[in-house]
Amino acid sequence: MADSPATSLQHAAYDSKVEGNVIFTRVDSAINWMRKNSLWPMPMGLACCAIELMATGASRFDISRFGAEVMRFSPRQSDVMIVAGTVTYKMALAVKRIWDQMPEPKWCIAMGACASSGGMYRSYAVLQGIDNLIPVDVYVSGCPPRPEALIDGLMKLQKKIEGEASTVAQLKTGAPEPETVEA
Amino acid sequence: MSSAADIAKSLQDEFGAAILSTVEFRGEHTAIVDREKARDILAHCHGKLGFDYLIDLSSVDHYGEDPRWELVYELYSLANGENVHLRIKYTLPEDEKAPTVSDLWPTANWHEREVYDMMGIEFDGHPDLRRILMWEGYPFFPLRKDFPLAGRPSEMPDVAFTNRAPLAGGPFVTAPTSGSTVKREPRSREMD
Ligand code: SF4
């Protein structure tokens, strides 16, 4: 049966309605494609930035357009920790502990000046950036960042995931070890 | 009893020399009292004078002076419906404890814990004098004037740690002048 022009123009994603469509791809790409489009966030809302995080999740900005609407309040089910707010020293080890409870693969977005660097709190009580404790993939600037900025950060993270070596590639002999970050 | 002025006067009649002085500023009255009698005076305010609301309890660090601490109690009366606000102050040497008032005003419980947490002033008779903002085991009292804004390193394994914050030369301050923004808002001002 000859393809109609409309069908042949459809992009090469798997479509169960169009039988016989076969996609050739690399396992890495397939895994990464699935990972990057269902990033379940662990909302680590610690201060004012969390309000913008909530706005990002709400209908006006709608983070679900990027597959990240499933805010999980259990670290066991989440993929990306969004640290939104001021990390005090009193809270710091709790954040670290929740991070440790998240299963691999996992990513971290530092949202706002405070989570990235301590922000305006050059003080005895505030950890000067969550990257002192956990590895951060994307820093979002702003105090607070607008929801668009967080979404931009999320898209940057998706770009980053696209290029990652997935599990299979790492099993191949001679493949470089994933970079480890000292706490 | 009606106005704060009358009340300040009545305190003087009742306690005499224990009321070291009274100050009036824009209708607000402050009584500076003797620390030996402070607890009695506060109890009198609570019981006889009807100050049923402790707005705030705070402390001042007069670093380098003796006595070093000053405690400030802001009292208000909800019962008599008039805008009567009385402030009681007394000083305290560094090695002495302050009397608790948490049995008079239950709200003082947490206020006193905060004063203890931030300044290290202890309260005699407090039912549960633990830290309230910092964690148990944090070794410093951060609101003391001899504690640097940047903090000091500390370590409590599995609980919390602290480090010095980078201040890039000093605390960021504004200096009121008519000069340019660069003059008005220096990134840091040299500390003497
Ligand atoms: S970066 Fe600004 S808005 Fe965000 S938590 Fe810090 S102070 Fe609040």
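Every value quoted in this text rests on a predicted model; they were computed, and no experiment measured them.

## Here's the deal with the overall build of chain A
Helix and strand counts for chain A come out as 7 helices and 4 strands. For chain A, the α and β elements follow one another from N to C terminus as α-α-β-α-β-α-β-α-β-α-α. Sorting the 183 residues of chain A into buried and exposed places 38% on the buried side. Sequence separation of at least 24 residues holds for 77% of the intrachain contacts in chain A that already meet a minimum separation of 6. In the form shown here, chain A has an accessible surface area of approximately 10,700 Å², with 56% of it arising from carbon and sulfur atoms.

## With respect to the pattern of salt bridges
Tallying each qualifying case throughout the model produces 17 salt bridges over all chains. The residue A:Lys156 makes a salt bridge to A:Asp152 at a minimum N-O spacing of 3.5 Å. Separated by 4 residues within a single helix, A:Lys156 and A:Asp152 lie in helix α6 (residues 147-162), roughly one turn from each other. Of the charged contacts, one joins B:Arg68 and B:Asp146 as a salt bridge, the two residues approaching to 3.4 Å between their closest N and O atoms. Of this pair, B:Arg68 sits in the loop between β3 (53-61) and β4 (69-76) while B:Asp146 sits in the loop between β7 (123-124) and β8 (154-156), placing them 78 residues apart in sequence.

## Some remarks on a nonpolar patch on the surface
Together, B:Tyr53, B:Ile55 and B:Leu78 make up an exposed nonpolar region whose accessible area comes to about 270 Å². When its relative accessible area of 35% is taken as the criterion, B:Ile55 is described as partly exposed.

## Brief notes about the interface of chain A and chain B
In this assembly, 9 residues from chain A lie in contact with 21 residues from chain B. Approximately 1,200 Å² of surface area, both sides summed, lies buried where chain A meets chain B, with 70% of it carried by carbon and sulfur atoms. Of all residues in chain A, A:Tyr89, A:Arg122 and A:Tyr124 give up the largest surface area on contact with chain B, accounting jointly for 58% of the area buried on that side. Considering only residue class, the side of chain A that touches chain B consists of 5 nonpolar, 2 polar and 2 charged.

## A few points about the site of the ligand
As a matter of local geometry, the ligand sits amid A:Ala47, A:Cys48, A:Cys49, A:Gly85, A:Thr86, A:Ala113, A:Cys114, A:Met120, A:Gly142, A:Cys143 and A:Pro144. Looking at the shell around the ligand, its residues break down into 8 nonpolar, 3 polar and no charged.

## Notes on the nonpolar core
The biggest cluster of nonpolar side chains holds 34 residues, and the ones touching the most others in it are B:Leu11, B:Tyr73, B:Leu75 and B:Ile88. Those residues within four positions of B:Tyr73 in sequence are excluded, and the remaining contacts are B:Leu42, B:Leu54, B:Asp56, B:Leu57, B:Leu86, B:Arg87, B:Ile88, B:Tyr90, B:Pro99, B:Val101 and B:Phe123. If you look at the next biggest cluster of nonpolar residues, it comprises 29 residues, including A:Ala92, A:Tyr124, A:Ile134 and A:Val136.

## A short note on the packing of helix α2 (residues 27-36) of chain A against α6(A)
Residues and elements named next belong to chain A. Between α2 and α6, whose axes approach to 9 Å, the crossing angle comes to 160 degrees. Here α2 lies roughly antiparallel to α6, going by the angle between them. Like other packed secondary-structure pairs, α2 and α6 cross with a definite hand, here right-handed. Every residue of α6 that contacts α2 at Asn32, Arg35 and Lys36 is listed here: Gln158, Ile161 and Glu162.

Rules used in this analysis
- Counting from 1, residues in each chain are numbered in the order their sequence is written.
- Chains carry letters from A onward and ligands carry numbers from 1 onward, assigned in written order.
- Only residues with pLDDT of at least 70 are given local features in this predicted model, and only at 80 or more are side-chain atom pairs given and counted; all residues enter the totals for whole chains, interfaces and linings.
- To obtain the side-chain values, all non-hydrogen atoms of the structure were included, while hydrogens and water were left out.
- Segments assigned H or I by DSSP are reported as helices when at least four residues long, segments assigned E as strands when at least two residues long, and all are numbered from the N terminus.
- In this scheme, a residue with accessible area under 20% of its type's maximum is buried, one over 50% is exposed, and one in between is partly exposed, where area comes from a 1.4 Å probe on protein chains only.
- Any pair of residues with heavy atoms lying within 4.5 Å of one another is described as a contacting pair.
- For every accessible area listed, the method is Shrake-Rupley and the probe measures 1.4 Å; residues are considered covered only by the protein chains on display.
- The salt bridge criterion pairs a side-chain nitrogen of Lys or Arg with a carboxyl oxygen of Asp or Glu, the two atoms within 4 Å.
- Patch construction takes residues with relative accessible area above 30% that form no salt bridge. Like charges are linked within 9 Å, and nonpolar side chains (Val, Leu, Ile, Met, Phe, Trp, Tyr) are linked within 5 Å.
- Values labelled buried area give the accessible surface lost by two parts on being combined, using a 1.4 Å probe and summing over both.
- For this classification, the nonpolar set comprises Ala, Val, Leu, Ile, Met, Phe, Trp, Tyr, Cys and Pro, the charged set comprises Asp, Glu, Lys and Arg, and every other residue, Gly included, is treated as polar.
- Near, as used in this document, describes a residue that has one of its heavy atoms within 4 Å of the molecule or strand being considered.
- The criterion is simple. A nonpolar core is a set of buried Ala, Val, Leu, Ile, Met, Phe, Trp, Tyr and Cys residues joined through side-chain atoms within 4.5 Å.
- Axes here mean lines fitted to C-alpha atoms, for a helix over just the part in contact, with angles spanning 0 to 180 degrees between N-to-C directions.
- Each angle is binned into one of four classes, with values under 35 degrees roughly parallel, values over 145 roughly antiparallel, values of 65 to 115 roughly perpendicular, and all other values oblique.
- Left-handed is the label given to a crossing in which the near helix is rotated counterclockwise from the far helix by less than a right angle, and right-handed is the label when the rotation is clockwise.

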